[in-house]
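# Structure at a glance
Chain by chain, the residues:
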Amino acid sequence: MAALKKSFQLKSRDFIHAGEASISVQNMLKQIGIESALIRRVAICAYEGEMNAVMHGENGSFRIEVNTDKIILDISDEGPGIEDIAKAMEKGFSTASEEYREMGFGAGMGLPNMETHSDRLDIESEKGQGTRVVMRFSLSPGSRENKTGQSA
Amino acid sequence: MKLSELIDKIDAVVISGDHKLDLDIERIGASDMMSDILAANLGTSSMLLTGLTNVQSIKTAVIAGVEAILFVRNKRPPQAVIDTANSHGIPLLTCPYSMFVTSGRLYAQGFTGLNGLR
Ligand SMILES: Nc1ncnc2c1ncn2[C@@H]1O[C@H](COP(=O)(O)OP(=O)(O)OP(=O)(O)O)[C@@H](O)[C@H]1O
Ligand SMILES: [Mg+2]
């Protein structure tokens, strides 16, 4: 299978459209027959990453690549960056404003959720330079359901 | 329990998706924080209980695979949010009780949390 790639630009603070890239990825993975438990993990990571780029970052970009052996989510932005990554990874740590909390964000669970649901999470960030979050998911041969099935 | 039966336990009304009332619900999560819902070890046949009526509650449900949303305190989302829910086939309900009382009533009916535990 040739690698399948898709990319999206994310508009900062556009909460009406935020999440659409992730939902589109979820649909794409359904169409190519990825197993549903894995789709859910990828979708959760995609959504948390997309929301962070939209909420905390500037000029976000979101890419997904599906290879034979893995799925890669690569989400980056040119925002303020994360000063202390270890601290940001702590459950409950959030700098979200009151306004964002009222919108349902700021539990400080996004990065911990990405860590839990991906097989590997890499964060590159520097204050004032932006943030890049790369998540990898291994694809075993069994991760792809046989969509066409054996004919009856 | 079917959504149609669950509705009676909490005096809920259907905002949209009345053709989905035979959905079977087993697990319920209550939160106004979307990442808390996504942190749960989700199973199927689940419903979200929330006071948050913006479009992100619908998108969180879509991402998490949550099948229905119940708003508390008679809250109703704006029409654009209802349209989004319809486009994803997620029925929306509202009930007059607080999050605490709604949760208690549903817990008493034997529902589990999103992770299947009580
Ligand atoms: N792309 C980013 N740019 C700048 N800061 C970020 C970025 N992503 C995360 N952070 C910082 O890390 C903190 C923790 O992120 P995390 O996603 O875990 O929680 P949150 O976004 O605050 O809340 P939640 O995801 O639960 O709604 C954020 O509050 C923010 O300070
Ligand atoms: Mg976040």
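Please read all numbers here as calculations on a predicted model, not as lab measurements.

### Describing the overall build of chain B
The helix and strand inventory of chain B stands at five helices and five strands. Ordered by position in the sequence, the α and β elements of chain B form the string α-β-β-α-β-α-β-α-β-α. Projected onto its principal axes, the C-alpha positions of chain B cover 35 × 30 × 25 Å. Counting the 118 residues in chain B, one finds 52% classified as buried. Sequence-distant contacts, at least 24 apart, represent 52% of the contacts inside chain B between residues at least 6 apart. Entry remark: accessible area of chain B is about 4,900 Å², with carbon and sulfur atoms responsible for 49%. In chain B, 10 positive and 11 negative side-chain charges are present, and the distance between their average locations comes to 4 Å.

### Let's talk about the pairing of strand E4 (residues 68-71) of chain B
Residues and elements named next belong to chain B. Here E4 shows two buried faces, one formed by Ala 68 and Leu 70 and the other by Ile 69 and Phe 71. In the sheet, strand E3 (residues 46-50) pairs with E4 via four bridges, with the strands oriented parallel. Considered in E4, the bridge of Leu 48 is made with Ile 69. Crossover E3 to E4 through helix H3 (residues 55-64) is right-handed.

### Here's the deal with the interface of chain B and chain A
Contacts between the two partners involve 20 residues from chain B, matched on the other side by 26 residues from chain A. At the boundary of chain B with chain A, total buried surface from both sides reaches about 1,700 Å², with 57% on carbon and sulfur atoms. Applying the counting rule to chain B against chain A returns zero salt bridges. At the surface where chain B touches chain A, the tally comes to 12 residue pairs in polar contact (both at pLDDT 80 or more). Where the side of chain B that touches chain A is concerned, the elements lending two or more residues are helix H2 (34-39) and H3 of chain B. In terms of residues, the side of chain B that touches chain A owes the most to one element, H3(B), which gives seven residues.

Analysis parameters
Residues numbered from 1 in each chain as written. Chains lettered and ligands numbered in written order. Predicted model: local features only at pLDDT ≥ 70, side-chain atom pairs only at ≥ 80, totals over all residues. Heavy atoms only, no water. Helix = DSSP H or I, 4+ residues; strand = E, 2+ residues; numbered from the N terminus. Buried < 20%, exposed > 50% of the residue type's maximum accessible area, 1.4 Å probe, protein only. Contact = heavy atoms within 4.5 Å. Areas by Shrake-Rupley, 256 points an atom, 1.4 Å probe, with all protein chains shown as cover. Lys, Arg positive; Asp, Glu negative; His and termini not counted. Charge placed at Lys NZ, Arg CZ, Asp CG, Glu CD. Pairing = 2+ DSSP bridges. Right-handed = clockwise from strand over helix to strand, strands pointing away. Buried area = accessible area lost by both parts, 1.4 Å probe. Salt bridge = Lys/Arg side-chain N within 4 Å of Asp/Glu carboxyl O. Polar contact = N/O pair within 3.5 Å; in protein donor to acceptor, adjacent residues only side chain to side chain.

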